[in-house]
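Next come the chains, spelled out residue by residue.
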Amino acid sequence: MSKMEVKTSLLDNMIGVGDMVLLEPLSEESFIDNLRKRFDHNEIYTYIGSVVISLNPYKSLPIFTADKVEEYRNRNFYELSPHIYALADEAYRSLRDQDKDQCILITGESGAGKTEASKLVMSYVAAVCGKGHEVNKVKEQLLQSNPVLEAFGNAKTVRNDNSSRFGKYMDIEFDFKGDPLGGVISNYLLEKSRVVKQPRGERNFHIFYQLLSGASEDTLRKLKLDRDFSKYNYLSLDSATVNGLDDAAGFRTVRNAMQIVGFMEDEMQSVLELVAAVLKLGNIEFKPESRVNGFDESRVKDKNDLKEMCELLGIEQSVLERAFSFRTVEAKLEKVSTTLNVAQAYYARDALAKNLYSRLFSWLVQRINESIKAQTKSRKKVMGVLDIYGFEIFENGDNSFEQFIINYCNEKLQQIFIELTLREEQEEYIREGIEWTNIEYFNNAIICDLIENNQNGILAMLDEECLRPGTVTDETFLDKLNTVCAEHQHFESRLSKNSKFLTDHSLPHNCFRIQHYAGKVLYRVEGFVDKNNDLLYRDLSQAMYKANHSLMKMLFPEGNPDKVNLKRPPTAGFQFRASVSTLMKNLQTKNPNYIRCIKPNEKKAPHIFTDSLVCHQVRYLGLMENVRVRRAGYAFRQAYEPCLERYKMLCKQTWPHWRGPTRKGVEVLLTDLQVPAEEFSYGRSKIFIRNPRTLFFLEEKRRHCLEDLATLIQKIYRGWKCRTHFLLLKKSQVVVAAWYRRYAQQKKYQNIKRSTIIVQSFIRGWKARKILRELKYQKRCEEAVTTIAAYWHGTQARWELRRLKEEARNKHAVSVIWAAWQGTKARRELKRLKEEARRKHAVAVIWAYWLGLKVRREYRKFFRANAGKKIYDFTVQRIMQKYFLGLKNTMPSMSPTDKNWPARPYQFLDGTHQALRRIFHLWRCKKYRSQFTEEKKAIYEEKLEASQMFKDKKALYPSSVGQPFKGDYLEIKKNPKYQKLNSAVEEKILLADVINKINRANGKSTPRIFLLTKSHFVLADHKTGQVKVSVPLSDVTSVSVSTQSDGFFALKLKEGSTSAAKGDFLLSSERLIEIITKLYRTGSATADREQLNIDITDEFLVQFKQDKVCVKFIQGSPKNGNSATCKRKNNRLVEVSVPSP
């Protein structure tokens, strides 16, 4: 821990008491008052030692953020204020670091927040464990299993809008690093009676309403359903819609979660078909019909719903209709068929609906387990999370068989809770070297024995009554209880010796009462026998087994006529008792962690705390008993180091630093404080404090000491602050004085400097003016001489200019006169030349016209009237001749793939030009074909066949066009390495190449030699040449490939054939196009063989032994560079990663 980090504790800033073990005085009133005080301040978590009490706030609180997760991560359990994250972190670190398997038991009544608590635990573990693609995938699957189970196992009740109507136990498996590997889910006691009947104000399981609200119109049409809830008898209408619950969004969430968990599309469709069948089953009604022998018989009123249900499940309508009207009872030697009256028919219908839904739910749990189970077989660490009903007591006396079973389970959990708590206390005392004293507590083993004893327990007697021949009713069962359990001190009825019926009129005749650890519970025996029997007539089981639906044979295996079992199926009570026994054994092997959930009010509203309701739950959860057991020894214990760190300021010898061993420091501290020796004990690593008053005494002393220390710190701080301020002022004054003296000296120096400069400037100015006057006088004299000389020179220049101008004027006049005369002569000569040229041009024009007239007269006798057409024909003929000669010289090559052709010279030759191009192409194609041999023709026919199958469908096809189909790439007959293989194959080998065979178990590839003959394909070992498998081509039904550039293909074999024993073949080859083309042509060449089907899709199913596995092609970044890779993701999926183009 860094020096600046502040250590916190459970005792700091405490609202009420964070740990009930420290509550003083301890009473039920103070217990409830402490819970209320913390609840009013949004402190919903409180400890009882290591047990967490959780109150449902019915609102969102900012205590479940990612920051909170980091705050509680790797912290001591008592280091921070109570939180469910502290328990989850303690359990996870014990599992990861100490290699101890853990279990978290979450109990409480409906609406107390058990499901949310289990989600918080799982989300915390998912947040703090390792990261990675595979780890994140496992975590996502574990978390997404919750929405699926909630949709099918949760319902709206008067106490809770999302009440779990089943018990769930999940084992999350981790590797040695603490990363999740998978999980296993167990479900207990689904409330299947809710399928056919719901109490007022409640509704059926969520999935029915989600399906009708969120499914598309096409899906509903396929399932033959309507969105109107009122059309289905099994759906209650008074609470069909719930505020704040979006069923349509819930349906989308469930479908997405099922896809993430690993459900295939056909599996999801099958599940929805069974849900729709249950709704249709509830609409089937019966009418009485009298027979000749006087017995009543039932008949279906409206057969439309029966017909639609049979279509959904693939059952013959007559078979199911007879199963609703007759019942066959089988003995060892005979079968007796009896008719069912209307009441019995309705009972059979409801029994079928309950069994169909409950078995579907069990199949969902099993299917989820297949997807989330750990793939590795190495040793795993396990953390179990148990989310199960709490103790149920209905005040109006409507406690029935379900409440009896639930309360029995809670008795067992209470028993193991007390045992494990005492064992944990005893182990810690022994580990710390403190003497263990026996703790008195109520042992509820006598109540568990009353219920589960194999001889005279209530469940054993109930099973005995159900199996007894003769008339069996709930009254006979109660009579038997009165006979056997009459003297038991925890059993009461009207006729038992413990009843006080003379003064206690609350005990009716058809009821019995059990004194549970949480209080007395009144059970009404009506329905005990029927609910324990849970009978489904064999005719209905056999009818369901005959269905063509993919799930029905798995859900109703007892309906198989080849495996008729005349033994009576185990009762519901027997099955649940066995499940509870297994659960208890599992929990006893793990280190337990407890979360007790409490509902603060019945209105499901925040800020309301109902004392009576909370007190009722505190009693039946046994929380007061838990506190007493924990306080029977030492109420508080803490390690020496944090104890000394917290209280060292109370002793001068330990403050501020203790240099010796921490235990010695604690001893010095407690001796100095004069704490009585009987109030504490020294363990090996912890101090144990017996009474909470001693702890509160230490806390009070610490509080006063902290106030004194705070005053001392303030005094020292204020003195330091004032002294520092004075020194700063003194230092500032010295600096200011120094700066001022410097400023004054600088200013004085600048004044002296300025005066000196002014004096110097005046002297320099006087000297400069004197020199200037002298220079100006000298310059004036020089300018006067220059001016006189200039005037004289100017006069002389003007005289010379005047003379020159007069002379030039005389010369110019002569030049002008001569130029005028020359111009006149030139104009006269030009006029004469123009007149002469005009006369010569006129003569030439007249002569040209005359010659033309003579020529026309001469040639007119040689031409007739159609001379123009002949000239035109001649011209066209000449153009065509020129066109053909030019085409001859520019003719393209003889290659059929050469698309060049000379340009058209004239527009009117367009048709001729195109026709000649087509004729030339046909002619050179014929010439090219005439060069082919028979072998080459066969190759091109295969290429043409491949083009028809794969062009524009398979991305690998373009790369295969330029590669010739060689066939025998290994030269089997010439290569001596394959001499043994050549002798083993008698037929002619059409293709021989090395391919990769994909292992069905893990997706890894193995090289194999692939041989194709006219009737078989053979796979042989690449190194030894030994034949591994030989499959007749008649057993190959289809070939599946992807649309991408990979070489993977699947050879699907005929079901039931000898070759299909291990399943289909998944192979990979770079010459995929050639292999499939030859397979196709070989199959087409045989008349008695069905044509091979080529399936090109990016997702297809293959049969691996008994499993159908989906092969899915995705674009990604394979590990092997540019080649596609294959990996077996789970039992249902093989994923092929193909490089992106």
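By convention here, each chain's residues receive numbers from 1 onward along its written sequence. Local features are withheld for residues below a pLDDT of 70 in this predicted model, meaning they are given only at 70 or higher, and side-chain atom pairs are given and counted only at 80 or more; totals for whole chains, interfaces and linings count all residues. Hydrogens and water are ignored here; the side-chain numbers use all heavy atoms of the structure.

As annotated in an unreviewed UniProt entry, the protein carries the name Unconventional myosin-Ib and is attributed to Chanos chanos. Per UniProt, the protein carries the Subcellular location (unreviewed entry) text "Cytoplasm, Cell cortex". Its UniProt record, at the heading Sequence similarities (unreviewed entry), says of the protein: "Belongs to the TRAFAC class myosin-kinesin ATPase superfamily. Myosin family." UniProt positions are given in the numbering used here, feature names are shortened, and annotations may be inferred rather than shown by experiment.

Glancing now at the sheet that holds strand 24 (residues 1036–1041). Paired strands, as defined in this entry, are two strands with at least two bridges between them according to DSSP. Going along the chain from the N terminus, every DSSP run of H or I of four or more residues is numbered as a helix, and every run of E of two or more is numbered as a strand. The eight strands are arranged 23-22-21-20-26-25-24-27 in an open sheet whose pairing can be described as mixed. Either end of the sheet is taken by a strand with one partner, and the two such strands are strand 23 (1027–1032) and strand 27 (1093–1096). Adjacent strand axes in the sheet meet at a mean angle of 30°, parallel and antiparallel pairs treated alike. Here strand 22 (residues 1016–1021) pairs with strand 23 via five bridges, running antiparallel. Bridge pairing in strand 23 places Ala1020 opposite Val1027. Axis lines are fitted through C-alpha atoms, for helices just across the contact stretch, and the angle between N-to-C directions can take any value from 0 to 180 degrees.

Time to look at the packing of aromatic side chains. A pair of Phe, Tyr and Trp rings is counted when the ring centres sit within 6.5 Å of each other, with Trp represented by its six-membered ring. The angle between the planes then sorts it: under 30 degrees is stacked, over 60 is edge-to-face, the rest tilted. Per the stated rule, a full pass over the model turns up 28 aromatic pairs. Look at Phe404 and Phe512: their rings are 6.4 Å apart centre to centre, the planes differ by 75°, and that puts the pair in the edge-to-face class. Of the two residues, Phe404 is situated in helix 13 (residues 401–432) and Phe512 in strand 14 (residues 511–516); the sequence distance between them amounts to 108 residues. Given the relative accessible area of 0%, Phe404 is considered buried. Here Phe920 and Trp923 contribute two aromatic rings whose centre-to-centre distance is 6.0 Å and whose plane-to-plane angle is 40°, an arrangement assigned as tilted. Separated by three residues within a single helix, Phe920 and Trp923 lie in helix 27 (residues 910–929), roughly one turn from each other. Every member of this aromatic cluster is reached through a ring pair, and the members are Phe401, Phe404, Phe477, Phe491, Phe512, Tyr523 and Phe528. Taking NZ or CZ as reference, Arg1000 lies 5.2 Å from the ring centre of Phe1065, over its face. The buried label applies to any residue whose accessible area, calculated with a 1.4 Å probe on protein chains only, is under 20% of its type's maximum; exposed applies above 50%, and partly exposed to all values in between. Our definition puts a charge over a ring when NZ of Lys or CZ of Arg is within 6 Å of the ring centre and also within 35 degrees of the ring normal.

On to the pattern of salt bridges, then. By definition, a salt bridge exists where a carboxyl oxygen of Asp or Glu is found within 4 Å of a side-chain nitrogen of Lys or Arg. Applying the stated criterion to the full structure yields 55 salt bridges. Glu116 is the salt-bridge partner of Lys119, the closest N and O atoms lying 3.6 Å from each other. Pair noted here: Lys119 and Glu116 are both in helix 4 (residues 114–128), with a separation of three residues, about one helical turn. Each of Arg165, Glu191, Arg194 and Glu202 takes part in one network of salt bridges that share partners.

One open sheet accounts for three strands, arranged 17-19-18; its pairing is antiparallel. The open sheet is flanked by strand 17 (636–639) and strand 18 (680–682), the only strands paired with a single partner. On average, each strand axis in the sheet is tilted by 20° relative to the strand beside it, whichever way the strands run. Relative to strand 19 (residues 686–689), strand 18 runs antiparallel, the two sharing three bridges. By the bridge assignment for strand 19, Ser681 is matched with Phe688. We call two residues in contact whenever any of their non-hydrogen atoms come within 4.5 Å of each other. The strands that helix 24 (residues 662–672) touches are strand 18 and strand 19; relative to strand 18, the one it contacts most, it runs at about 155°.

The next subject is the confidence of the model for the protein. In the predicted model, the protein carries a mean pLDDT of 83, and the fraction of residues at 70 or more is 93%. Note on residues 1–8: pLDDT is under 50 here. Beyond four places in sequence and across chains, it has eight contacts. The pLDDT value expresses, per residue, how confident the predictor is, ranging between 0 and 100.

By the secondary structure assignment, Thr1077 is in helix 31 (residues 1072–1084). Every residue in contact with Thr1077, bar those within four places of it in the chain, is listed here: Glu942, Glu945, Ala946, Met949, Phe950 and Phe965.

The two faces of strand 1 (residues 45–48) match: Tyr45 and Tyr47 on one face and Thr46 and Ile48 on the other face are all buried. With four bridges joining them, strand 1 and strand 2 (residues 51–55) adopt antiparallel strand pairing. Counterpart to Tyr45 in the pairing with strand 2 is Ser54. Linkage of strand 1 to strand 2, two consecutive antiparallel strands, is achieved through a turn of two residues, within which Gly49 is found at a positive phi near 65°.

Attention now moves to helix 23 (residues 640–647). Residues Tyr640, Cys643, Leu644, Arg646 and Tyr647 constitute the buried set of helix 23. Down the axis of helix 23, the buried side of the element spans an arc of 165°, and every buried residue falls inside it. The arc in question is the one spanned by the directions pointing from the helix axis to the C-beta atoms.

This next bit is on the packing of helix 9 (residues 265–282) against helix 12 (residues 342–372). In the contact formed by helix 9 and helix 12, the axes pass within 9 Å of each other and the chain directions differ by 160°. Overall, the two elements helix 9 and helix 12 adopt an arrangement that is roughly antiparallel. Handedness of the helix 9/helix 12 crossing: left-handed. Note on element contacts: helix 12 touches helix 9 through Arg349, Leu352, Ala353, Leu356, Leu360, Trp363, Leu364 and Arg367, opposite Glu267, Val271, Leu274, Val275, Val278, Leu281 and Gly282. Each angle is binned into one of four classes, with values under 35 degrees roughly parallel, values over 145 roughly antiparallel, values of 65 to 115 roughly perpendicular, and all other values oblique. The handedness criterion is simple: a crossing whose near helix is rotated anticlockwise from the far helix by less than a right angle is left-handed, and one whose near helix is rotated clockwise is right-handed.

This next bit is on the nonpolar core. Only buried residues count toward a nonpolar core, which is a set of Ala, Val, Leu, Ile, Met, Phe, Trp, Tyr and Cys residues joined through side-chain atoms within 4.5 Å. In terms of nonpolar packing, the biggest core is built from 116 residues, with Phe152, Phe208, Leu225, Leu320, Phe324, Leu352 and Ile595 touching the most fellow members. It is helix 12 that provides the largest number of residues to this core, a total of 14 residues. Note: domain ranges come from an automatic or database domain assignment. Lining this core are residues from two domains, each supplying at least three of them: domain 1 (1–123 + 600–633) and domain 2 (272–356 + 533–553). Sequence-distant contacts of Leu225, defined by excluding residues within four places in its chain, comprise Leu211, Leu212, Leu220, Tyr232, Ala276, Leu279 and Lys280. Core analysis: the second largest hydrophobic core is formed by 93 residues, Phe31, Leu587, Val675 and Cys705 among them.

So, about a nonpolar patch on the surface. Taken together, the side chains of Trp847, Trp850 and Leu851 make up a nonpolar region of the molecular surface, amounting to roughly 330 Å² of accessible area. Within the element layout of this structure, Trp850 appears in helix 25 (residues 692–859). Overall, Trp850 belongs to the partly exposed group, its relative accessible area being 39%. Surface patches are drawn from residues lacking salt bridges whose relative accessible area is over 30%; two like charges belong together within 9 Å, two nonpolar side chains (Val, Leu, Ile, Met, Phe, Trp, Tyr) within 5 Å. Accessible surface is estimated by sampling points in the Shrake-Rupley manner with a 1.4 Å probe; for residues, cover comes only from the protein chains shown.

On to helix 4, then. Because each turn of an α-helix spans 3.6 residues, side chains separated by three or four positions end up pointing in the same direction. Here the expected span of a helix is defined as 1.5 Å times the quantity of residues minus one. In this model helix 4 runs 22 Å from its N-terminal to its C-terminal C-alpha over 15 residues, within 8% of the 21 Å that 1.5 Å per residue would give. Burial analysis of helix 4 places 11 of its 15 residues in the buried class, the great majority of the element. All of the buried residues along helix 4 are Lys114, Thr115, Ala117, Ser118, Leu120, Val121, Met122, Tyr124, Val125, Ala126 and Val128.

This paragraph deals with unusual backbone geometry. That bond from Glu24 to Pro25 is cis: its omega, 0°, falls within 30 degrees of zero. In this fold, Pro25 is placed in the segment before helix 1 (28–40). Residue Pro656 follows Trp655 across a cis peptide bond; omega there is 0°. As for its position among the elements, Pro656 is in the loop between helix 23 and helix 24. Residue Glu971 is not a glycine yet carries a positive backbone phi of 50°.

Tracing the backbone shows Ser400 in the loop between strand 12 (381–387) and helix 13. For Ser400, a relative accessible area of 10% corresponds to the buried category. Not counting chain neighbours up to four residues away, the residues in contact with Ser400 comprise Tyr523, Arg524, Glu526, Phe528 and Lys531.

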